[in-house]
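Results of the structural survey
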Amino acid sequence: MAYSGQCGDHREGGTERPGSQFWDLASELRSSMEPEEEEEEERWDGEGPGGHNTSVSMSRVIVHMDLDCFYAQVEMIRKPELKDKPLGVQQKSIVVTCNYVARNLGVKKLMAVKAAKEICPHLVLVNGEDLTPYRETSYKVTELLEEFCPLVERLGFDENFVDVTEMVEKRLKQQKTSSDLVVAGHVYNNHAIDLHDRTHVALVLGSQIAEDIRRAVATTLGLTSCAGVASNKLLAKLVSGTFKPNQQTVLLPQSRQDLLRALRGVQKIPGIGYKTAKRLETLGIESVWQLQTFPATALEKELGLSLARRIQKLSYGDDDSPVTPSGPPQSFSDEDSFKKCSTEAEVKEKLLELLPNLLERVYKDGRRPHTLRLTIRQSSSSERWFHRESRQCPIPPHLLQRFGQGNANLLSPLVDVLMKLFHKMINVEVPFHLTLLSVTFSNLKELPSTKKGSIGFYLKEMPPKRDREVDDGDAVWLQSHWRTRATKARRHLEEKDVPEAQVLNGPVPFSPHPVDHLEDTPKAMVCGQPEPTEVVVFPPDVDPQTFSELPPDVQEDLMAQWKSQEAISKPLEKPKATNEKRSSAQVNTLLRYLKPR
Ligand code: DGT
Ligand code: MG
């Protein structure tokens, strides 16, 4: 579920707003940076052709899947001994979620730790402030769903939409008779299924697919979930939590109004957020029914044509928005909230705490971010949760080059840039009181060598995890992940038609050093060459063993790429001529960039 305080990888489009400034070396950050107000509402765009009950929405079958007590399930997989105990996941002083054992004892999501402990003294609490395990599990779920069907859209960490229309159509064609069709799970309101109605049959088939998907997630990843099956995203999401946990519900068109009117307030409709709900309240609109029946022209006058039409359509359950495959994240962010931060030193300290994990995620992703954003929230009695302010700027070119080379030499200059953004929003001459800081890297662009399909992509190694994050599960995953990449790299080469003559010319001299990927990887791996002064140093994320197996022309290509990225840029005093196949000038230039640090 979307919630305030979430931090993660943002896949939604349009994270970049107009008004971003170009980096100006002379004046560094310009004073005219555009302020950014937080958009409180998700873009849940019901815009599109057709009014209520459009043929478009009726012809689709959408599954919404929401994992049960997500963080708690991840913790129970990490520590199976907690499975039957009441378990809460704590962030700061809040139990952000708890397992169903705890829920049955009265503990609720987002309860204060103190209150939860009073209700359930035996509640076991685990710290859930490091989101890494949840994020990793979340992507595994999406990847698994993508194996079923390419149309998968992530919504937050534990929700996915799957458009199964095509799968349903295929099953419909295979279906000889519909008389023996049985719905999987519940039907909202126990409405009777009419097997002569094509829409009903499609939704019943959708319910069977939803069950298959949920079973696959349970058996492969050990995670239970709830699902909703309906004719669009909005309705599928609204119906999916009707029966919890580990159950699913299908919504027939005839029950759509019942579902919508049973919602407690307009804000329960995804796409209608806090601010819109407040504006509606001033018009006397609180319930979904009131919104549905409010005169359209009056609503348009108050809210503007676009918003009024959009939310009124949503109130009828109309949503033509497609399931848009999420693809790789469009930004990486992390944030911390606290009671009070009121000095520059504290701000710096908090930024230094946020950045390492964030940089590690950017590094793992392999792309290079070009924009940096700082978001703050100032303490305000009136708008406690919703008033955020941001400034962003392009990442200065000299820092850009350092991405992908380890994060140590990025931390301090990035904090400097962030502090400049901070000063655009806060006058430190007068007292200030922050309750949240958030950092976002966006505008991610592929490095030439990390484009999927290029050999460099497959050679890129996972960076070692920090000790506290490595457990057995991670270790196995990392090893298998690496093996897959190495295999793909080899396959990529096999597919590449390498003339034998070139192979016979021999690769760049090399003596492999075995690398244990789970131990601290040295900053640079050094490979000795026949001449003692000529040494090839690989970028820290490249495995020499795999490199050695590559044909010479590919090795050359790679080294040329590293050179152009200036990955290792200390010049060699006196380069010597080497490998005869290549011109000595070329090799010398190359080696200038390959000298060990
Ligand atoms: P469920 O779906 O009712 O069985 O329970 P959850 O725990 O899956 O709840 P859900 O789907 O609303 O949220 C997914 C995860 O996101 C949840 O395990 C913890 C986290 N989360 C939810 N709401 C908040 C929030 O308001 N603040 C923070 N920091 N985390 C939240
Ligand atoms: Mg959930």
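Residues numbered from 1 in each chain as written. Chains lettered and ligands numbered in written order. Predicted model: local features only at pLDDT ≥ 70, side-chain atom pairs only at ≥ 80, totals over all residues. Heavy atoms only, no water.

Quick word on the sheet that holds strand β7 (residues 124-127)
- In space, the four strands of this open sheet follow the order β6-β5-β4-β7, with mixed pairing throughout. Edge positions in the sheet fall to β6 (111-112) and β7, since each of these pairs with one other strand and no more.
- Across the sheet, helix α2 (residues 70-78) touches β4 (87-91), β5 (94-98) and β7, and the angle it forms with β4 is around 110°. (Pairing = 2+ DSSP bridges. Helix = DSSP H or I, 4+ residues; strand = E, 2+ residues; numbered from the N terminus. Contact = heavy atoms within 4.5 Å. Axes fitted to C-alpha atoms, helices over the stretch in contact; angles between N-to-C directions.)

Section: helix α7 (residues 198-221)
- Helix length check: α7 (24 residues) gives 34 Å between terminal C-alpha atoms against 34 Å at 1.5 Å per residue, within 8%.
- Here α7 starts with a cap whose side-chain oxygen sits 2.8 Å from the backbone nitrogen of Thr199, and that cap is Asp197.
- Within two residues after α7, Gly222 carries a phi angle of roughly 75°, on the positive side. (Expected span 1.5 Å × (residues − 1). Polar contact = N/O pair within 3.5 Å; in protein donor to acceptor, adjacent residues only side chain to side chain.)

As for the pairing of strand β3 (residues 62-67)
- With respect to burial, β3 is a largely interior element, six of its six residues being buried.
- Neither face of β3 is exposed, since Ile62, His64 and Asp66 on one face and Val63, Met65 and Leu67 on the opposite face are all buried.
- Bridging between β3 and strand β9 (residues 159-163) involves five bridges; their strand directions are antiparallel. Considered in β9, the bridge of Asp66 is made with Glu159.
- As defined by bridge partners, β3 adjoins strand β11 (residues 225-230) across six bridges and the pair is classed as antiparallel. Across the sheet, His64 pairs through a bridge with Gly228, a residue of β11. (Buried < 20%, exposed > 50% of the residue type's maximum accessible area, 1.4 Å probe, protein only.)

Quick notes on the site of ligand 1
- The environment of ligand 1 is made up of 18 residues, and the closest members are Cys69, Gln91, Thr97, Tyr100 and Lys244.
- With respect to ligand 1, the backbone of Leu67 contributes an N or O atom lying 3.1 Å from an oxygen atom.
- One of the side-chain N or O atoms of Thr97 is found 2.5 Å from an oxygen atom in ligand 1.
- Relative to its unbound accessible area of 590 Å², ligand 1 is 92% covered by the protein chains.
- Of the residues that constitute the shell around ligand 1, the class distribution is nine nonpolar, three polar and six charged. (Near = heavy atom within 4 Å. Areas by Shrake-Rupley, 256 points an atom, 1.4 Å probe, with all protein chains shown as cover. Nonpolar A, V, L, I, M, F, W, Y, C, P; charged D, E, K, R; others polar.)

With respect to the nonpolar core
- Core analysis: the biggest nonpolar cluster contains 45 residues, and Tyr71, Tyr134, Leu145, Val162, Val164 and Val168 have the highest contact counts within it.
- Elements represented by at least two residues in this core include exactly β3, α2, β4, α5 (132-148), α6 (165-174), α7 and β11.
- Excluding residues within four positions of it along the chain, Leu145 makes contact with Met65, Val152, Asn160, Val162, Ile213 and Val217.
- Grouped together as the second largest cluster of nonpolar side chains are 34 residues, Leu354, Leu355, Ile395 and Leu434 included. (Core = buried A, V, L, I, M, F, W, Y, C linked by side-chain atoms within 4.5 Å.)

Examining the pattern of salt bridges
- Taken as a whole, this structure holds 14 salt bridges when the rule is applied.
- In this structure, Arg367 and Asp365 form a salt bridge, with 2.7 Å as the shortest nitrogen-oxygen distance.
- Connected via shared salt-bridge partners are Arg171, Glu211, Asp212 and Arg215. (Salt bridge = Lys/Arg side-chain N within 4 Å of Asp/Glu carboxyl O.)

Regarding the sheet that holds strand β12 (residues 248-250)
- The mixed open sheet is built from six strands, whose spatial order is β8-β9-β3-β11-β12-β10. Edge positions in the sheet fall to β8 (152-155) and β10 (186-187), since each of these pairs with one other strand and no more.

Some words on the packing of helix α12 (residues 296-303) against helix α13 (residues 305-315)
- Where α12 contacts α13, the two axes come as close as 7 Å, and the packing angle between them is 130°. The orientation of α12 with respect to α13, classified from their angle, is oblique. Crossing geometry of α12 relative to α13 is assigned as right-handed. Mapping the contact onto sequence places Ala296, Leu299, Glu300 and Leu303 in α12 and Leu305, Leu307, Ala308, Arg309, Ile311 and Gln312 in α13.
- Of the residues assigned to the contact of α12 with α13, the class counts are seven nonpolar, one polar and two charged. (Parallel < 35°, antiparallel > 145°, perpendicular 65-115°, else oblique. Left-handed = near helix turned anticlockwise from the far one by under 90°.)

These figures capture arrangement, not role.
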